[in-house]
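In case you want the letters, here they are:
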Amino acid sequence: MAVHWTLGGDANDPRRLADFWSVALGYVAEPGYDDPDGASIIDPDGHGPAIGWLRVPEGKSAKNRLHIDIRVAGEPPWDWVRRAELIREKVSELTAAGATRVRDEQYLDDDGRTILGHVVMTDPEGNEFCVA
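Notes on the structure in this doc start here. Worth saying up front: this structure is predicted, and the values here are computed from it rather than measured.

Assignment of secondary structure puts R113 in the loop between β6 (100-108) and β7 (114-122). C-alpha separation for the pair R113 and G98, spaced 15 residues apart in sequence, amounts to 32 Å. Once residues within four sequence positions are removed from consideration, R113 is found in contact with Y107 and L108. Of the polar contacts made by the side chain of R113, one reaches the side chain of D109; its length is 2.7 Å. Reaching out from R113, the side chain makes a polar contact with the side chain of D111 at a distance of 3.1 Å.

Below, the discussion takes up the pairing of strand β4 (residues 50-55). The sheet contact formed by strand β1 (residues 6-11) and β4 spans six bridges and is parallel. When the sheet's bridge partners are listed, G9 is paired in β4 with W53. In terms of strand pairing, strand β3 (residues 38-42) meets β4 through four bridges, oriented antiparallel. Bridged to I41 within β4 is I51.

Scoring rules and cut-offs
Residues numbered from 1 in each chain as written. Predicted model: local features only at pLDDT ≥ 70, side-chain atom pairs only at ≥ 80, totals over all residues. Heavy atoms only, no water. Helix = DSSP H or I, 4+ residues; strand = E, 2+ residues; numbered from the N terminus. Contact = heavy atoms within 4.5 Å. Polar contact = N/O pair within 3.5 Å; in protein donor to acceptor, adjacent residues only side chain to side chain. Pairing = 2+ DSSP bridges.

Below is the structure:
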């Protein structure tokens, strides 16, 4: 049987990351969580894990060993053109919310055409994630 779990992270500004990831994932602030050195967000539908951040004095120093993939196109099979449009729309939204676009990764579709596979980005504190 699966257990409930929370994804935890370190941050220089926990509230800023909570606000950003709320936009990115459609999450909301966790009711009743009130810690000046932390922040927590939850899936309002109760399906995804909670995500929390605690303030730490040091900054990010290396590449993430674990990251979030935001899957805007759902599950396959995909309409590759529509999938690319959804990715670009989400990338624009996240850039406006404080993310930085790092690079686009290209795939080959079923007919051998080059298509947008995913976009690598960083959140406001430099943590890598992908939009696919």
